[in-house]
Amino acid sequence: MSAAVVAGGGRTEPVVRLATSGVARSFGTEQALAGVDLDLHAGEVHALVGLNGAGKTTLMRLALGMLHPDAGTVRVDVGDGPVDPVGAPSATWGHVGHLIETPFTYPELTVRETVRSAARLRGLDRTAADAATTRVLAELALDHWAERRARTLSLGNRQRVGLACAVVHDPKVLVLDEPSNALDPAGVVRVRRWLADAADRGAAVLVSSHHLDEMARVAHRITVLHRGRVLGTLDPAGADLERQFFDMVYEEEDAVDGAPAPAHTTTPTSPRSAA
Amino acid sequence: MNAALSIEALKLYRAPAARVATAVLVLVLPAVSAAMVAVARSDSDSPLVAKARPMLIGTGWDAYLGMLAEIVSVATLLAVGIVLSWVVGREFTEGTVGALLALPTSPRQVLRAKLVVTLIWALGCGLVATLVAIPGGLAIGLGAPDAGALRATGRLLVVSGLMTLLALPLAWVSTVLRGYLSGISTLLGIVVITQIVTAAGAGGWFPYAAPSLWAGMGGADAAAAITPVQLLLAVPVGLAGAWAAMHRWQTAELV
C-alpha cells in the first residue's frame, strides 16, 4: 500500500520520494537516456524493466547522484524536501539504500563485518550497527554464513550480502539493480518478500529486472524502458506481461525508421519469432 | 575512530599485500642491512666484502643505519606505492567503488581514510624497522648505540617519512586510471625515471631521488650536497597528490 498525504479537497496524493524529469545522458556518441520522466512513491515497489542496454542502470546511477545528467532534473526527497542527488547532504543519504551491480563485499571481511561496515558508513553508531547487522542477517537468512569470509561465498550469497548492506539502515528510498541476480529460487522468494515488507513499512523501492514474472509478483507499478526512453507502463496484475512487453518494444523498434534491432531481440527465444 | 577509518584499517589489516610489505619493511630490510655491514666489517678479502665496503659511509652505527636508510628509501616507495595503489585502485578493479557512493560518508572521507590508514601503517613500519635495527646492530657487534646512531636514526625516519609522502600521488593515478595495476605500473615508471635523472646528475632537484641521495645512495659527497629545500620538495608533491585524489573522489563520476 502506497503512503499518501491528504491534499486539498480531501484527495490523497502519494508521497514522492524520487522524481526524474526529462533526464538525458550520453556516453560519447551513445545516448543512454533520452528524456526520462519517472517517479517513485513512498510505500511502493516500482519496477523498471527493459532489455540489456535499455538504460536502467544509468537511470539508477543518475537517481543516486553517481552520474550527472546532461539534461533534465533528478530530485530525491527523504522527508526534508526535494534535493538534487548530486551534492545532496549526508543526511539525505542516511535514508537511501542502493545495490547497483557490484555488491559491497570484500573478500577479506566476514559477512558480519561487511554488513556492519556498511551500516557504519550509512551513519549508524557502533551499537546501532551491531543490532541492525544481527537483525538483517536474520531477515535475509544469512546467519549461517555470518562469520565466513566473503571470498568463500557463492555468487548468490554475495548478492544477498550486498542487499543486506543496502537495507541495513532501514532506508526510506531503496534503489536496487537486479537484486535477485544469481539467487536460487528460495533466495528470490525471500528477497521478494523482503521488498514487499519494506514497501508495506513505507519504503519507496525502485527495482530493475529482466524477469517480468518476478516483477509482476512484487511491483505496484512496472515501467518499460527501451533505448533510453520510457515506452509505457505495464499493469502487474495484467495477463501475459511478456507479450505486452515485447509488443511495446517491437512497436518502438518499428517506429525507429531504419534503426537496427538490438541483437538480443533477434535471438531464437524472441516472442516475435516464437509467435 | 570514525567509521571510514576503522573499516579501511580492518581492510588493510586483513590484506595479504600489506602483511607481506610489512614483513619486508620491518624485518627483511634491517636483516639485510645488518648482514651487509657484518660482511663489510669482516676480515675476509672475498669479492663480496670488496663490493660491500664501498657502500658504507662512515663507521659503526652511522654506517649501519645509513645503509638501512639507503635501502629503506627505495623499499618504502615501492612497498607503500604498491599498497596504496591497491588500497585505492581495488575499488575500481573489483567494482566496489559504486557501493561507496551515495552514502552519508562522503567519497572524500572514504579516500581520506584510505590515505590516513596507509600513512599510519607506513610511518609505523619505518619506526618499527628502526627499533628492529637496534638488536640487529648489537648482534653484529656494533656495541652500544652512540651519538652517531641517534643522528642516523633521525635520518632514517626522515627518509622513510619522505618516501611515504612521495607515494601519495599514486592514489590519484589509481583513481584516474581506475585500477591498482595502473598505479603499480606508474610506480615502476617513477623508479626508472629516478634512476635516469640521478644518473644525469639532476637527482637533487628530483623529489623522488633527493631522499635516497641524502641517505647516501650516491656516495658521501652527493649526500652532503642535498639541501633541506630539495628534501622538502617531497611534502608539496605528496600533499598535492593527496589533494588531487580527494578532489577527484568528491567531484568526478567514479562509476
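Structure: see above.
Owing to the predicted nature of the structure, the values given are computational and were not obtained by experimental measurement.

*Asks:* Mind showing me how you'd approach the overall build of chain A here?
*Replies:* The helix and strand tally for chain A stands at nine helices and eleven strands. Residue pairs in contact within chain A that sit at least 24 positions apart in sequence constitute 65% of those at least 6 positions apart.

*Asks:* Is there a simple way to explain the sheet that holds strand 3 (residues 16-27) of chain A in this structure?
*Replies:* Through backbone hydrogen bonds, the strands of a sheet pair up, either in parallel or in antiparallel fashion. All names here are of chain A. Taken together, the three strands give an open sheet; going across it, the order is 4-3-6, and neighbouring strands pair in antiparallel fashion. Since the sheet does not close on itself, it has two edges, and those belong to strand 4 (30-41) and strand 6 (71-76), each with one partner. Direction aside, the axes of adjacent strands within the sheet are offset by 15° on average. Relative to strand 4, strand 3 runs antiparallel, the two sharing nine bridges. What sits directly across from Ala-24, in strand 4, is Ala-34. Against the sheet, helix 1 (residues 56-63) contacts strand 3, strand 4 and strand 6, and its axis sits at roughly 120° relative to strand 3.

*Asks:* Honestly, the sheet that holds strand 8 (residues 173-177) of chain A in this entry has me stumped. Any pointers?
*Replies:* All names here are of chain A. The sheet built from six strands is open, its strands ordered 7-8-9-5-10-11 with mixed pairing. With partners counted over all chains shown, the strands left at the sheet margins are strand 7 (96-99) and strand 11 (229-234), one partner each. Between one strand and the next, the sheet's axes are offset by a mean angle of 15°, whatever the strand orientation. Note: strand 7 against strand 8, four bridges, orientation parallel. Note that in strand 8 the partner of His-98 across the bridge is Val-175. Here helix 6 (residues 185-200) sits on the sheet in contact with strand 5 (45-49), strand 8 and strand 9 (204-209), set at roughly 150° to strand 9. Strands strand 5, strand 10 (221-226) and strand 11 of the sheet are contacted by helix 8 (residues 241-255), whose axis makes an angle of about 150° with strand 11.

*Asks:* Mind showing me how you'd approach the packing of helix 3 (residues 111-121) of chain A against helix 1 (residues 3-14) of chain B here?
*Replies:* The angle between the axes and the distance between the axes are what describe a pair of packed helices. Between helix 3 of chain A and helix 1 of chain B, whose axes approach to 9 Å, the crossing angle comes to 155°. In terms of orientation, helix 3 of chain A lies roughly antiparallel with respect to helix 1 of chain B. Viewed along their axes, helix 3 of chain A and helix 1 of chain B form a crossing whose handedness is left-handed. Together, Glu-113, Ser-117, Arg-120 and Leu-121 of chain A of helix 3 of chain A and Ala-3, Ala-4, Ile-7 and Leu-10 of chain B of helix 1 of chain B make up the contact between the two elements.

*Asks:* Is there a simple way to think about the nonpolar core in this case?
*Replies:* One broad rule of soluble globular proteins: the nonpolar side chains tend to lie buried together. Counting residues in each nonpolar core, the largest one holds 162 residues, and the members touching the most others are Val-115, Ala-164 and Val-205 of chain A together with Leu-68 of chain B. With 20 residues, the single largest contributor to this core is helix 4 (residues 60-93) of chain B. Beyond its immediate sequence surroundings of up to four residues, Val-115 of chain A is in contact with Thr-133, Val-136, Leu-137, Val-161, Ala-164, Cys-165 and Val-168 of chain A.

*Asks:* Before we go on, may I ask you to explain helix 12 (residues 234-251) of chain B in this structure?
*Replies:* Along an α-helix, residues three or four positions apart point the same way, because every turn accommodates 3.6 residues. Residue and element names in this part refer to chain B. Taking 1.5 Å per residue, 18 residues should reach 26 Å; helix 12 reaches 26 Å between its end C-alpha atoms and fits that length. What helix 12 keeps buried is the set Ala-234, Gly-238, Gly-241, Ala-242, Ala-245, Met-246 and Trp-249. One side of helix 12 holds all its buried residues, which, seen down the axis, span an arc of 125°. Contact partners of the buried residues in helix 12: helix 5 (107-139), helix 6 (147-167), helix 7 (169-176), helix 9 (210-215) and helix 11 (228-232).

*Asks:* Mind showing me how you'd approach unusual backbone geometry here?
*Replies:* Trans is the common state for peptide bonds, and a negative phi is the common state for residues other than glycine. The phi dihedral of Ala-182 of chain A falls on the positive side, at around 70°, and the residue is not glycine. With respect to the helices and strands, the residue Ala-182 of chain A is situated in the loop between strand 8 and helix 6. One non-glycine residue, Arg-178 of chain B, adopts positive backbone phi at about 60°. On the secondary structure map, Arg-178 of chain B appears in the loop between helix 7 and helix 8 (180-199). Judged by the 14 C-beta atoms lying within 10 Å of it, Arg-178 of chain B falls in the partly exposed class.

*Asks:* It is not clear to me how the pairing of strand 5 of chain A should be interpreted in this structure. Could you clarify?
*Replies:* Looking along a regular strand, one sees the side chains alternate between the two faces of the sheet. Residue and element names in this part refer to chain A. Of all five residues that make up strand 5, five are buried, and the element is covered over most of its length. Residues Val-45, Ala-47 and Val-49 line one face of strand 5 and the alternating positions His-46 and Leu-48 line the opposite face, and both faces are buried. Direction of pairing for strand 5 relative to strand 9: parallel, over a ladder of five bridges. Opposite Val-49, over in strand 9, you have Ser-209 as the bridge partner. Relative to strand 10, strand 5 runs parallel, the two sharing four bridges. By the bridge assignment, His-46 is partnered in strand 10 with Arg-221.

Criteria and cut-off values
- Residues numbered from 1 in each chain as written.
- Chains lettered and ligands numbered in written order.
- Predicted model: local features only at pLDDT ≥ 70, side-chain atom pairs only at ≥ 80, totals over all residues.
- Helix = DSSP H or I, 4+ residues; strand = E, 2+ residues; numbered from the N terminus.
- Contact = placed C-beta atoms within 7 Å.
- Pairing = 2+ DSSP bridges.
- Axes fitted to C-alpha atoms, helices over the stretch in contact; angles between N-to-C directions.
- Parallel < 35°, antiparallel > 145°, perpendicular 65-115°, else oblique.
- Left-handed = near helix turned anticlockwise from the far one by under 90°.
- Core = buried A, V, L, I, M, F, W, Y, C linked by C-beta atoms within 7 Å.
- Buried ≥ 20, exposed ≤ 12 C-beta atoms within 10 Å, placed from the backbone.
- Expected span 1.5 Å × (residues − 1).
- Arc of directions from axis to C-beta.

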